[in-house]
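# Structural characterization, general
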Amino acid sequence: IVILLLVVAGVWLFHQSRQNRPTRAELADENKILLLGNSTEIESLDPHMCTGQPEHWVITSLFEGLVAPAAEDPDANAPGVALSWHSEDFQHWTFKLREDARWSDGTALTSADFLYAWQRILSPELGAQYAEMLYLLKGAAAFNRGEIRDFSAVAAKAPDAHTLEVILEGPAPYFPGMLKHYTWFPVPRHAIEKFGGMTRRDTPWSRPGNLVSNGPFMLKDWRINHFIAVEKNPSYWDSKVVQLEQIHFFPIDNAESEERVFLDGQLHLSSAIPLAKIPLYREKKPTFFLQNPELAVEYYRINTTREPFNNPKLRQAMSLAVGRVALVDQVIRAGHLPATGYVPPGSHSQYPTLERLHFDPEKARQLMAEAGFPGGKGLRKVEILTNSSGSARTVAGVFQE
């Protein structure tokens, strides 16, 4: 009995100490440090070697492009490295760069840094997966495909150290908004050349102690599968408005685990909520829950050059067999919209939703039979490769069924 009482007392004292002790988030508040859950470990901090959202959050804290998200509305455009820009026809653009732009080591940032970055990401030897993001630039696609070898044939020029002139393949009023993506950001030529050169992949230039950046923060520490820490960059042109001293990004690739860490006061912000709990948070814990629209589409990519998916009737049958409305309303239950076309519904009435995809099991059966697989007979097993997040596994299960 005495031992049991001591155990109970110990548990009670431990619980009380936990109740009275400040959380990690509260301690971070005192030091102006923001703690963020970042879903998973990142591929790289090289803007030309990345393709994911976890990388996006870190890279946009370290680097800045010509145009930046507006503070009051991230979807709007605000001056970044470029003080101003204009175009008479939305095809020919001129950008005036600020003269006080600096890299984190104090080196002046000029228009040549943008040309170097664009040449690098488009160089076939580098093999950047997101090189196509720059195909709007006249000549960029031909250079990336190796059809032309001289980058001067790409329509991007620097008349002086603080002016950029670009010509696009056609009119694009939305072009300034595209420049907020990290594929268009400048990279430090002097740092990259020091560690192997323009087209060398996975060199140490983007690691702690070597990374030179131009954004509001600079890299402080990176401990794989533990955290990434960035700290305020005193060389940033607008550093006086940066209120945070540091941001810590934590790679937690399990939504349930990240939720527990958040509720325990170890994070300020988490974007990972178990799908089944979203209705609960929306109704019972609205102060913890914020939902904003994201113009994105989730899809499965298949190889249409190999059997049996080289048969368009089979592909159409599989599409018609998916109940997208039931998927988002009854399974995901997170406010998603069913994809009725490849482009997601826009936020403006002038972009009407395309009704190209729908649920029609009878038509699907008919097309399956016409494709040579009546009732699915003769169709080999198909594997779905997906990521490890809970939502991806759930959706894959629906498709499997």
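Higher on the page you've got the structure.
Quick caveat, the model's predicted, so the values are computed rather than measured. Position numbers for residues count from 1 along each chain, tracking the sequence in the order it is written. Totals for whole chains, interfaces and linings use every residue, but because this is a predicted model, local features are given only for residues with pLDDT of at least 70 and side-chain atom pairs only at 80 or more, for both listing and counting. Just so you know, side-chain values use all the structure's heavy atoms and leave hydrogens and water out.

When you go through the protein residue by residue, the secondary structure sums to 13 helices and 10 strands. Structurally, the protein occupies a C-alpha span of about 80 × 70 × 45 Å along its principal axes. Counting over 401 residues, the protein shows a buried share of 40%. A separation of at least 24 residues holds for 59% of the contacts in the protein among residues at least 6 apart in sequence. Computed with a 1.4 Å probe, the accessible areas rest on the Shrake-Rupley method; for each residue, only the protein chains presented here act as cover. Carbon and sulfur atoms provide 54% of the accessible area of the protein, an area that totals close to 23,400 Å². Segments assigned H or I by DSSP are reported as helices when at least four residues long, segments assigned E as strands when at least two residues long, and all are numbered from the N terminus. Accessible area is worked out with a 1.4 Å probe on protein chains only. A residue is then buried under 20% of its type maximum, exposed over 50%, and partly exposed in between. The criterion used for residue contact is that any of the two residues' heavy atoms lie within 4.5 Å.

Considering the arrangement of structural elements, one finds Gln400 in helix α13 (residues 390-400). Take Gln400: its relative accessible area is 68%, and that puts it in the exposed class. Each C-alpha atom, one on Gln400 and one on Leu126, is 37 Å from the other, the two residues being 274 residues apart in sequence.

Turning to the sheet that holds strand β4 (residues 82-86), a few remarks are in order. Backbone hydrogen bonds are what pair the strands of a sheet, in a parallel or an antiparallel way. Each pair of strands is called paired provided DSSP finds at least two bridges between the two strands. If you walk across this open sheet you meet the 4 strands as β4-β5-β7-β6, and the pairing is antiparallel. The open sheet has two edge strands with one neighbour each: β4 and β6 (156-160). Here the average twist between neighbouring strands, direction ignored, is 20°. Note on method: axes are straight lines fitted to C-alpha atoms, helices fitted across the in-contact stretch only, with angles between N-to-C directions ranging 0 to 180 degrees.

With that out of the way, let us pick up the side chain of Ser123. For Ser123, the position within the fold is in the loop between α4 (111-122) and α5 (140-144). A 3.5 Å cut-off defines polar contacts: any pair of N or O atoms within that distance qualifies, except that in protein one atom must be a possible hydrogen donor and the other a possible acceptor, and neighbouring residues in sequence count only when both atoms are side-chain atoms. Here Gln119 takes part through its backbone oxygen, which lies 2.6 Å from a polar atom of the side chain of Ser123. What Ser123 contacts, discounting residues up to four positions off in sequence, is Phe143, Asn144, Met198 and Thr199.

Our next topic: the pairing of β4. Sheet analysis places β4 next to strand β5 (residues 92-97), joined by 4 bridges and oriented antiparallel. Residue pairing in the sheet places His86 in a bridge with Thr94 of β5. Here β4 hands over to β5 after 5 residues, with Phe90 in that stretch at a positive phi of 65°.

With that settled, consider the pattern of salt bridges. Throughout this description, the term salt bridge denotes a Lys or Arg side-chain nitrogen within 4 Å of a carboxyl oxygen of Asp or Glu. Within this structure, the stated rule accounts for 7 salt bridges. Asp221 is the salt-bridge partner of Arg223, the closest N and O atoms lying 2.8 Å from each other.

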